[in-house]
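The lines below spell out each chain.
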Amino acid sequence: MLTHSRRLLPSWSGVLAASILPLILAGALLLRMGLSPMQGLDFDIGTNQGWAKSAVELGLARSYTQQVSGAMLPNYPPFSMMIFATTGHIYKTFVSPVYDAGLPAYRIIIKLPAIFADLLLCVLLGWIVAKMRGRNAGWLAAGIAALHPAIVYESAVWGQTDSIFTLFLVASIAALAWERTAIAAAFFTLAFLTKAQTAALLPLFGVWYLIRPVRMLWGLAGSIPVLLIVLLPFAIGGAIPAVWNVYAGSVGYYPVISSAAYNFWWSLLADSSWSRHDTELVFGVITFRAAGYLLFTGITGASLLVSIRRMIAPMTRKQTLGLLFLLASLSSFAFFLFLTEMHERYLFPFVAFGLPVAFLGRKEAWLYALVSGLFFMNLLGYLAIGFIDRGLYNEFSSLDVFFASMQVFLFALLFGVLWSQRVVAVKKKWEWRAGFVKIRRMLIWQRKA
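Residues numbered from 1 in each chain as written. Predicted model: local features only at pLDDT ≥ 70, side-chain atom pairs only at ≥ 80, totals over all residues. Heavy atoms only, no water.

### Considering the overall build of the protein
Point 1. A tally of helices and strands in the protein yields 20 helices and four strands.
Point 2. Here the protein holds 449 residues, and 49% of them are scored as buried.
Point 3. Look at the contacts in the protein between residues 6 or more apart in sequence, and 73% of them connect residues 24 or more apart.
Point 4. Split by element, the accessible area of the protein, about 21,800 Å² in all, is 69% carbon and sulfur. (Helix = DSSP H or I, 4+ residues; strand = E, 2+ residues; numbered from the N terminus. Buried < 20%, exposed > 50% of the residue type's maximum accessible area, 1.4 Å probe, protein only. Contact = heavy atoms within 4.5 Å. Areas by Shrake-Rupley, 256 points an atom, 1.4 Å probe, with all protein chains shown as cover.)

Listed below in structure tokens is the structure:
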């Protein structure tokens, strides 16, 4: 009887295992809430606050063509505006019924959507890595996402929202790996309706669906309802042309070669890439913008071409997750490195896509750590957090160029990881064929004997 009652009680190891993820999330939330009162970047936070207030007081559709308090007109897609509107309604309902945008609490509340997206990223990435490498690895991945300095800095300090559309993209890639085509398309569409930078993964998703044409219908079934639901209030308000202009005007909105992004162009042109127009000609032949498109298209196409046989062949769930997140990491990295008009923040999706890749091996882990560290230094190079990082860039004026050059080098090494996987796959294929030929010859010899 005593033995039976003991079995009914949870073991200490079971209690500990069940409490690890909640403790990670609680720590992640406390860290972010503790940092959220920090000033961050006034322009970005003030713009987001203005968009939220305008969406509340003028309505979603009208806020695309008119803003209160002198805020700039939105250049973000419609679902982002819906998130800002929701945040604004919460602030007005629970904090300031007269909508006083000057209260300190508003700075914290405007950061909450990205902070909650961070927490969901911790859960999702931890679950994905657990499926790839086991439960302990999943907890480690969740902990890394919870404490990753670039993730924490962007949402809790800076006040940016990149973790939101990145969350949708990670969910979309995971759904692809589980062959939930409609769900994958729905999340991808939601990401595209949140941030135009989702276009970095269009080649990957396009090729994935092209080699599985039957699943395109399921993709449309998942994508169209999301599109209609999100666009409906803007269509009713007559704001669809304004929404279209957000996407059509995303290229050329900040027409510089590099907007403080330590990428390929910054490694060549340094600070002058911030002041030079990307429609200038390279060697009098092609514009920087067109050259960026060619580089991105060529490199991304090469990575997909290298992997096309593996995408067609049957794979285990672990192999599919590893390949998809490696390709997503390379696409987002190439997007940041080679296209013009890149901001320092646009490498953020790599931080999420690269985390499952870091658990594929020691080399991948080192590459992820180095790229993430350089990305964090890129953020500090634009928005310093204290006198140490500010003094570092002041004392070493070429540090940004060094970091940019290192990022290009690390990208080449990451592409090498993909290439080495192809070589191993081809080698195994030929080993299998050689074994088959050997068996066939033995059978023929036995018949003759």
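### Re the side chain of Glu154
Point 1. With respect to the element layout, Glu154 can be found in helix 8 (residues 149-158).
Point 2. Despite its burial, Glu154 pairs with no opposite charge; the closest candidate is Arg345, at 4.9 Å N-O.
Point 3. Apart from residues lying up to four places away in sequence, Glu154 is in contact with Gly159, Gln160, Asp162, Arg345, Phe348, Phe375 and Leu379. (Lys, Arg positive; Asp, Glu negative; His and termini not counted. Salt bridge = Lys/Arg side-chain N within 4 Å of Asp/Glu carboxyl O.)

### Points about the environment of Leu29
Point 1. Secondary-structure assignment places Leu29 in helix 2 (residues 12-35).
Point 2. Distance from Leu29 to Asp118, taken between C-alpha atoms, is 8.9 Å for residues 89 residues apart in sequence.
Point 3. Apart from the residues within four sequence positions on either side, Leu29 is in contact with Ile115, Phe116 and Leu119.

### Observations regarding the confidence of the model for the protein
Point 1. Averaged over every residue, the pLDDT of the protein is 90; the share at 70 or more is 90%.
Point 2. Averaged pLDDT values over the elements of the protein bottom out at 50 in helix 1 (residues 2-8) and peak at 98 in helix 17 (residues 348-358).
Point 3. In this model, residues 423-440 is a region of pLDDT below 50 whose contacts with residues beyond four sequence positions or in other chains number two contacts.
Point 4. Contacts of residues 442-446 to residues separated by more than four positions or lying in other chains number zero contacts, the stretch itself having pLDDT below 50. (pLDDT = per-residue confidence, 0-100.)

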